[in-house]
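Commentary on secondary and tertiary structure
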Amino acid sequence: MEISKTNEISVTTKHDYDRISELKAFDDTKDGVKGLVDASVTKIPRMFYHEFNKDSSSTSSNITKLDVPTIDLVDIHQDPTTRKIVVEKIREASEKWGFFQIVNHGIEVSVLDEMKNGVIRFFEQDSEVKRELYSREPSRPFIYTSNFDLYNSPAANWRDTFYCIMAPKSPKPEDLPSVCRDIILEYTKQVMKLGNVLFELLSEALGLNPNYLNEMRCNEGHAIVCNYYPSCPEPELTLGLTKHTDDDFITMLLQDHIGGLQVLHENSWVDVSPVPGALVINIGDLLQVIFIEINFDALSLITNDKFKSVEHRVVANHVGPRVSVANFYSTSYQPSTRLYGPIKELLSEDNPPKYKETTVQNFVEFSMGKGLDGTSALPYFKIGSF
C-alpha cells in the first residue's frame, strides 16, 4: 500500500492485488485508519471493501425505522412497584430485542462526556506517542491497535481501538495513557457498580433471586474497549464494525451523538439512535445460553435461549469521528475451570437444557476461531451438535 503524491491510496487491479502486503503495509504504519484520514485519502484501500448481500447492505432500504426500547431506572431502589415495572420491561426487551437503552442509571452525564472526551484525546494526540502503544500482543496491559482480526477477517473495518482488562485484576495506573488515565479508572469504577445493579435486574427478570447472576460471578471480569471511527470518504463500501454477536454475559455501550450502531431485529437492521445520557445494554452469547424459550438462532447460553444475543454492526459514515466505549462483562479474563450452562432452576421437563456446559475460556476461544464470519458460536455448543 502506498500513498501517492495526490494523497490517495494506490489501487491495484484484480489480477495483481496482494492483500497480505496491503494489510502489512497498513499495520506497519501504526497510525491506523486515522492515519489514512490524516493523509486526506479520497478512496479507501481495497482491504476495507465489504461484500454486501442484497438485503444487508449498509445503504439498503432494509433498515427499519423502529426504536430500541429505552428503560428509565429512576427510583428502582426506593419504589418496589417501579422496580417491578422496570424488571418486566427488561425481561421483554431481553427476550424480543436483546438490546435496550437505560437512562437515569446513576452515572453522571459529566462522567459520560469526559469518558468520550478521553477517547478523543487519546486518538487525536501526536502519532509518535500513540505508536509506542500500538501492538497485537494480547498480554500487554494496554493495547492500541486497528482491527484485532486484521489478518483473519474477510475485510477490515473502518475503526481504531484501544483495549484494557480492568477486572478481576486491575492494571497499574502507570500502564494507562496519561491523557485518559483518570477517567478510565473513574468510569470503570462506576460501570462496575452499575453492572451489579443490571445483573440484579436481569436475575429478577428471569424469576430468580436478585443476587443469582452476581453470585455466578457474571460481573467478576470486565474489559473496556474504546473505539474511534474516523469520517469515511466512501462509507458505502465498508463498515465501522462487521455484524457479530458478543461472546460475553452483557455489554454496556456508551455512544456519542453521531450514531451508526444497528441491531438486527426481525431480519431488518434497526438504528440504535443515540439518546442523551443513555447507555446501551445488549445480551451476550453467554447469558443467552442460561435460559430457553425463544426459537432464535443467536440466543444466549446460560438463559437457555430465553434472552436473545443478537447480531449488531456499526455502519461507516461521512461524518466523524464517532467514538464509543464498550464495557464487556465476562469471566474469560482469568483462567478458570468453572463450567457454565443453562441455569438449572429454569429447566423443566418441558424446557430441557439446549446447551452443553463449558468453561467461558473454551467458549470464547471457540468463538474466536469460528466467529470470523460474524456468526455466533452458540450452535456448536447445542446438545446433539458435533
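Cut-offs and rules
- Residues numbered from 1 in each chain as written.
- Predicted model: local features only at pLDDT ≥ 70, side-chain atom pairs only at ≥ 80, totals over all residues.
- Heavy atoms only, no water.
- Phe/Tyr/Trp six-rings, centres within 6.5 Å; stacked < 30°, edge-to-face > 60°.
- Helix = DSSP H or I, 4+ residues; strand = E, 2+ residues; numbered from the N terminus.
- Buried < 20%, exposed > 50% of the residue type's maximum accessible area, 1.4 Å probe, protein only.
- Lys NZ or Arg CZ within 6 Å of the ring centre and 35° of its normal.
- Disulfide = S-S within 2.5 Å.
- Axes fitted to C-alpha atoms, helices over the stretch in contact; angles between N-to-C directions.
- Parallel < 35°, antiparallel > 145°, perpendicular 65-115°, else oblique.
- Left-handed = near helix turned anticlockwise from the far one by under 90°.
- Contact = heavy atoms within 4.5 Å.
- Nonpolar A, V, L, I, M, F, W, Y, C, P; charged D, E, K, R; others polar.
- Core = buried A, V, L, I, M, F, W, Y, C linked by side-chain atoms within 4.5 Å.
- Pairing = 2+ DSSP bridges.
- Lys, Arg positive; Asp, Glu negative; His and termini not counted.
- Salt bridge = Lys/Arg side-chain N within 4 Å of Asp/Glu carboxyl O.
- Polar contact = N/O pair within 3.5 Å; in protein donor to acceptor, adjacent residues only side chain to side chain.

**A short note on the packing of aromatic side chains**
Under the criterion given, the structure shown has 13 aromatic pairs. Both rings, one in Phe 122 and one in Phe 162, keep their centres 4.9 Å apart while their planes meet at 65°; by these two values the pair is edge-to-face. Here the residue Phe 122 occupies a position in helix α4 (residues 109-123), and Phe 162 occupies one in strand β5 (residues 160-167), the gap between them amounting to 40 residues. An identical accessibility class is assigned to Phe 122 and Phe 162; each is buried. Three or more aromatic residues joined by ring pairs form one cluster here, namely Phe 122, Phe 123, Tyr 134, Phe 142, Tyr 144, Phe 162 and Tyr 228. Sitting above the plane of the Tyr 17 ring, Arg 46 keeps its charged end 4.1 Å from the centroid.

**Quick look at the state of the cysteines**
Within the structure shown, the criterion is met by 0 disulfides. Cys 226 provides the cysteine sulfur closest to Cys 164, a residue in no disulfide bond, and the two sulfurs are 9.3 Å apart. Judged by its relative accessible area of 1%, Cys 164 is buried.

**Brief notes about the packing of α4 against helix α6 (residues 181-205)**
Closest axis-to-axis distance for the α4/α6 pair is 10 Å, and the angle between their directions is 140°. By the angle between their directions, the pair α4 and α6 is classed as oblique. In the crossing of α4 with α6, the sense of the turn from one axis to the other is left-handed. Residues Val 111, Leu 112, Glu 114, Met 115, Gly 118 and Arg 121 of α4 form the contact with α6, whose own contacting residues are Ile 183, Ile 184, Tyr 187 and Gln 190. Grouping the constituent residues of the contact of α4 with α6 by class yields 6 nonpolar, 2 polar and 2 charged.

**With respect to the nonpolar core**
Counting residues in each nonpolar core, the largest one holds 58 residues, and the members touching the most others are Met 115, Phe 162, Tyr 187 and Leu 279. Sort the elements by how many residues they give to this core and α6 lands first, with 12 residues. Residues contacting Tyr 187, with those up to four places away along its chain left out, are Val 111, Leu 112, Met 115, Ile 224, Leu 254, Leu 279, Val 325 and Asn 327.

**What about the pairing of β5?**
Among the 8 residues in β5, 6 count as buried, and that is most of the element. In terms of strand pairing, strand β4 (residues 143-145) meets β5 through 3 bridges, oriented antiparallel. When the sheet's bridge partners are listed, Tyr 144 is paired in β5 with Phe 162. In terms of strand pairing, β5 meets strand β6 (residues 222-229) through 7 bridges, oriented antiparallel. Residue Phe 162 lies in a different strand from β6, and its bridge partner there is Cys 226.

**Focus on the packing of helix α3 (residues 80-96) against α6**
Following both chains from N to C, one finds α3 and α6 inclined at 80°, their axes separated by 8 Å at the closest point. Here α3 lies roughly perpendicular to α6, going by the angle between them. Within the contact between the two elements, α3 uses Arg 83, Val 86, Val 87, Ile 90, Arg 91 and Ser 94 and α6 uses Glu 200, Leu 201, Leu 202, Glu 204 and Ala 205. Looking at the contact of α3 with α6 residue by residue, the classes come out as 6 nonpolar, 1 polar and 4 charged.

**A few points about the side chain of Asp 160**
Among the secondary structure elements, Asp 160 is positioned in strand β5. Of the buried charged residues, Asp 160 lacks a salt bridge, with Lys 130 as the closest side chain of opposite charge at 5.8 Å. Here Lys 34 takes part through its backbone nitrogen, which lies 2.9 Å from a polar atom of the side chain of Asp 160. In this structure the side chain of Asp 160 is engaged in a polar contact, spanning 2.8 Å, whose partner is the side chain of Ser 146. Filtering out sequence-adjacent residues up to four positions away, Asp 160 remains in contact with Asp 31, Gly 32, Val 33, Lys 34, Phe 123, Thr 145, Ser 146, Cys 226, Asn 227 and Tyr 228.

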